[in-house]
Amino acid sequence: MAPTRPIMLLTGASRGIGHATVKRFQAEGWRILTVSRQPFSEECRWPEARESHIQADLSDPAAFGPLIEDVKSRLPDGKLQALVNNAGISPKVQGGGRMGLMDTDYATWMNVFNVNLFATATLARGLFGPLKAAQGAIVNVTSIVGSRVHPFAGAAYACSKAGLAALTREMAHEFGGHGIRVNAIAPGEIDTAILSPGTEDIIQRQIPMRRLGDASEVAETILFLCSARSSYINGAEIHINGGQHV
């Protein structure tokens, strides 16, 4: 009998860091379940992509319960080795500018927090059993903007990412005794399709390494945190930003 492949659930899988993470984990023999608000994309050409994709809108709390039950039904032995909470939204004002406090209404705050924070907490709670059975790992994708004002990221996004860093600590404290490690990664300026105009100025003025990060570098760190190589790392937030945070 062939050994059971480890399974990872990845939210926000439709582009950038999500795509790179899928490819890196697949290279290690993992099976990946992907979640995004979009239906399956033909750009996702990795093996098993179509049948392993779950469409769910994480801005709608009514979607959380059905998503959790769908995921559980796809676990052949009731075990989930990794949960990677990568989904995130960062709304902009008209023209693509930064959405400050005065630009952000209550509905926008709720949408951002549902996707960036509340979905993470709800998925971790709902999938606690399969994660415990696998002695699995959770990786939350926070951001450099959770600890500093950023010229492109708005108030709601920044607050949600700061909250996610705090949630990571709480989860690590609560889940660690059950054999589930919980960590976060905080990317800075990563070379993806959603870079804003003006990024070049940040590279030259704020990043000691004077370059963008690559999505594959983020994926490599996520894999490390989900592997036995990080077996005593719990409650950490790893900065992936070329030194931008120093």
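Our structure's up above, just so we're on the same page.
Quick look at the structure, then. No experiment lies behind these values; they were computed from the predicted model shown.

In terms of regular secondary structure, the protein is built from 7 helices and 7 strands. Overall, the protein shows an N-to-C arrangement of helices and strands of β-α-β-β-α-β-α-α-β-α-β-α-α-β. Out of the 246 residues belonging to the protein, those deemed buried represent 50%. Within the structure as shown, the protein displays about 11,900 Å² of accessible surface, and the carbon and sulfur contribution to it stands at 53%.

Turning our eyes to something else, we now look at the pairing of strand E2 (residues 31-36). With respect to burial, E2 is a largely interior element, 5 of its 6 residues being buried. In this sheet, E2 lies alongside strand E1 (residues 7-11) in parallel orientation, the contact comprising 5 bridges. Considered in E2, the bridge of Met8 is made with Ile32. Crossover handedness for the path E1 to helix H1 (residues 16-27) to E2: right-handed. Of the pairings in the sheet, the one linking E2 to strand E3 (residues 53-55) comprises 3 bridges and is parallel in character. When the sheet's bridge partners are listed, Ser36 is paired in E3 with Gln55.

Another aspect to go through is the packing of aromatic side chains. Evaluation of the coordinates by the stated rule reveals 4 aromatic pairs. Between Phe25 and Trp30, the aromatic rings sit 4.9 Å apart at their centres with planes inclined by 80 degrees, giving edge-to-face as the arrangement. Residue classification places Trp30 among the buried positions, given a relative accessible area of 9%. Ring centres of Trp109 and Phe113 lie 5.9 Å apart, and the angle between their planes is 40 degrees; on these two criteria the pair is classed as tilted. Taken together, the residues Trp109 and Phe113, both in helix H3 (residues 106-126) and 4 residues apart, mark about one turn of the helix. Residue Phe113 is classed as buried on the basis of its relative accessible area, which comes to 17%. Connected via pairs of aromatic rings, a cluster forms that spans Trp109, Phe113 and Phe118.

Next up on the list: the pattern of salt bridges. Within the structure shown, the criterion is met by 3 salt bridges. A salt bridge links Glu220 to Arg24; its shortest N-O distance comes to 2.7 Å. One end of the pair, Glu220, is in helix H7 (residues 215-225); the other, Arg24, is in helix H1, with 196 residues separating them in the sequence. You can call Glu220 partly exposed: its relative accessible area is 32%.

Turning next to the nonpolar core. The nonpolar side chains of a soluble globular protein tend to be buried with one another. Ranked by internal contacts, the top residues of the largest apolar core, which has 34 residues, are Leu9, Leu67, Leu80, Leu83, Leu127 and Ile138. Among the elements of the structure, E1, E2, helix H2 (64-73), H3 and helix H5 (155-175) are those that each provide at least two residues to this core. Sort the elements by how many residues they give to this core and H3 lands first, with 7 residues. Once you skip the residues sitting within four places of it in the chain, Ile138 turns out to touch Leu83, Asn85, Ala124, Leu131, Met171, Phe175, Ile180, Arg181, Val182 and Asn183. Core analysis: the second largest hydrophobic core is formed by 23 residues, Met8, Ala82, Val139 and Ala215 among them.

Cut-offs used in this document
Throughout this description, residue numbers start from 1 for each chain and increase along the sequence as written. Note on the predicted model: pLDDT of at least 70 is required for a residue's local features to be given, and 80 or more for side-chain atom pairs to be given and counted; whole-chain, interface and lining totals, by contrast, use all residues. Excluding hydrogens and water, the side-chain values take into account all heavy atoms of the structure. Helix and strand labels come from DSSP, where a helix needs a run of H or I of at least four residues and a strand needs a run of E of at least two; each type is numbered from the N terminus. To sort residues, take the accessible area from a 1.4 Å probe on protein chains only and compare it with the maximum for the residue type: under 20% means buried, over 50% means exposed, and anything in between is partly exposed. Residue exposure ignores everything except the shown protein chains as possible cover, and the areas themselves are Shrake-Rupley values with a 1.4 Å probe. Two strands pair if DSSP finds at least two bridges between them. For a crossover, the right-handed case is the one in which the path from the first strand over the helix to the second runs clockwise, viewed with the strands pointing away from the viewer. Stacked, tilted and edge-to-face pairs are distinguished by plane angle, under 30 degrees for stacked and over 60 for edge-to-face with tilted covering the rest, among Phe, Tyr and Trp rings (Trp via its six-membered ring) whose centres lie within 6.5 Å. Just to be clear on terms, a salt bridge is a Lys or Arg side-chain nitrogen sitting within 4 Å of an Asp or Glu carboxyl oxygen. Put simply, buried Ala, Val, Leu, Ile, Met, Phe, Trp, Tyr and Cys residues joined by side-chain atoms within 4.5 Å make one nonpolar core. A contact between two residues is defined here by any heavy atoms of the two lying within 4.5 Å.

On their own, these measurements won't tell you what the molecule is for.
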